[in-house]
Each structure stands twice: as C-alpha cells, then as structure tokens.
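So the chains spell out like this:
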Amino acid sequence: MREALTAAATRRVTRPAPLRQAVYDALTELIVNGSLKPGQHLVEAELAEHLGVSRQPVREALQRLQTDGWVDLRPAQGAFVHSPTEEEAAQLLGVRAVLETYSAQLAAQQAKPEDVERLWALHQEGVDALAASDIERLVAANTALHTLITSIADNAVLAELIAGVSQKVRWYYTPIARPRGKEAWNEHAQLIRAIAKGDSDRAGEVMRKHTERTTGFYGKQLAAGTTRD
C-alpha cells in the first residue's frame, strides 16, 4: 500500500475542510482511481502518515467508507477495499443505463451548436488519451463527456440522480477504460452525431446500447479477475 500511495503522489489533507470529510474524500478518490485496489488491506497508521493526519479521522472515515460500500471491515483482520460483485455492478450500471438513456434523449432535444462543439472536443480528448494509453486522462475525458451530456439535458432531478451513481461508475470504468476504449469512443461518436441532429430516439438508443455494452464488458472482466490489475 505504501508504494501505491507514493506512486499516486497523494496530496496531504488540508485543514480548512472538515477533517473527517477531507479524509473520506481522499480515500474514496484513491479507491476510485485504482491506487488502492479491491481486496487491498488498509493500514490505519500508513494511511494517516500519507494523508498527514492522526489515526482517529482515518478510523472514522473507514467506518463511513464501509457504510457506503467502499471498504469492508473484518473483525480481527482490519479494513480492506471492497471487491464489487458481479451483481452489485450489474445493479448500479443498470440504473446508470436507464438514467443516461433519458439524459441523451433530452440532450438531443436541447443541444445548441456550441454544445455539440464541446462534445466533439471532449471526444477528441478521449481519442488522444486512448492513443497515448493515458488511463487517468481517458477516464477523465469519459466522465467529462457524460457529465456534459447531462448538463445539456438540463434536468436538475436527473442530474442529481446521475451524480449519485457517477463516482462508483467511474470506479467500475477505470480498469476497463483502455480495453474497451476503441469501441466506447466509436459509440460516443455515434451518440454525438445523433445529438447534433436532434434525433432523440436515436440518441437514447445509442446511449442505451453503449451503457449496456459497458456493463457486459465489466461483468466479463470481473469474472475473469482482471478488474484488480
């Protein structure tokens, strides 16, 4: 774990934010970006040292992380990063598919030419990141593109619901971003074309298939045990 934290160049937690929240956010991000991997043992003293805090806020954060499904606390063994099950992933990604299909439909109805230009710019960023095998940049571009589509849809309730699942979606997506990359960004291009044409039905169908393929791909990788690499 020490090597993973060092390699990730973890930022030390700053004091102005509520400490327990800052520690929670920092540990969640380390899990989401893969610095802390599923099944990995989390040692309070090491986490505290790298975050520049005492062990107490780390202990409090781990309790909350367990409640939120990021960490497993095992009696007499300690804390471990949660390993998502295929059922958990299917349920969350299934909900995401429903929400984002509707988001794409609304975006096609609402998009302005400048919105489409921004979507194509993000698409190019993703394609470039894929060519460079830059996973962090690739995941960021994917997240930004989906977030922009939600923003274009202009539905506050929908945006709030999508935000509620987006962090775990990013967690699940990170290990498959590169192997699924070429297909995923081709699908993004199809989606942008449908939005640009104002074709709500087509945009919804492309997004539905896109999210379902991501779910299926993740399930296969999970079954093969490659999501921990």
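Before any of the text, the structure's been laid out above.
Just so we're clear, the structure is a prediction, and the values are computed from it rather than from any experiment. (Residues numbered from 1 in each chain as written. Predicted model: local features only at pLDDT ≥ 70, side-chain atom pairs only at ≥ 80, totals over all residues. Heavy atoms only, no water.)

**A few points about unusual backbone geometry**
Then, in step 1: The phi torsion at Ala76 lies on the positive side, around 65°, for a residue other than glycine.
Then, in step 2: Among the secondary structure elements, Ala76 is positioned in the loop between β2 (71-74) and β3 (78-81).
Then, in step 3: For Ala76, a relative accessible area of 91% corresponds to the exposed category.
Then, in step 4: The phi angle at Ser133 is positive, at roughly 55°, despite the residue not being glycine. (Helix = DSSP H or I, 4+ residues; strand = E, 2+ residues; numbered from the N terminus. Buried < 20%, exposed > 50% of the residue type's maximum accessible area, 1.4 Å probe, protein only.)

**Re the pattern of salt bridges**
Then, in step 1: Per the stated rule, a full pass over the model turns up 14 salt bridges.
Then, in step 2: The partner of Asp115 in a salt bridge is Arg118, with the nearest N and O atoms 3.8 Å apart. A residue pair is termed a helical-turn pair when its members lie 3 or 4 positions apart in one helix, as Asp115 and Arg118 do in helix α6 (residues 113-131) at 3 residues.
Then, in step 3: Note on Arg118: relative accessible area 46%, which makes it partly exposed.
Then, in step 4: When the shortest N-O distance is used, the salt bridge between Glu125 and Arg137 registers 2.6 Å. (Salt bridge = Lys/Arg side-chain N within 4 Å of Asp/Glu carboxyl O.)

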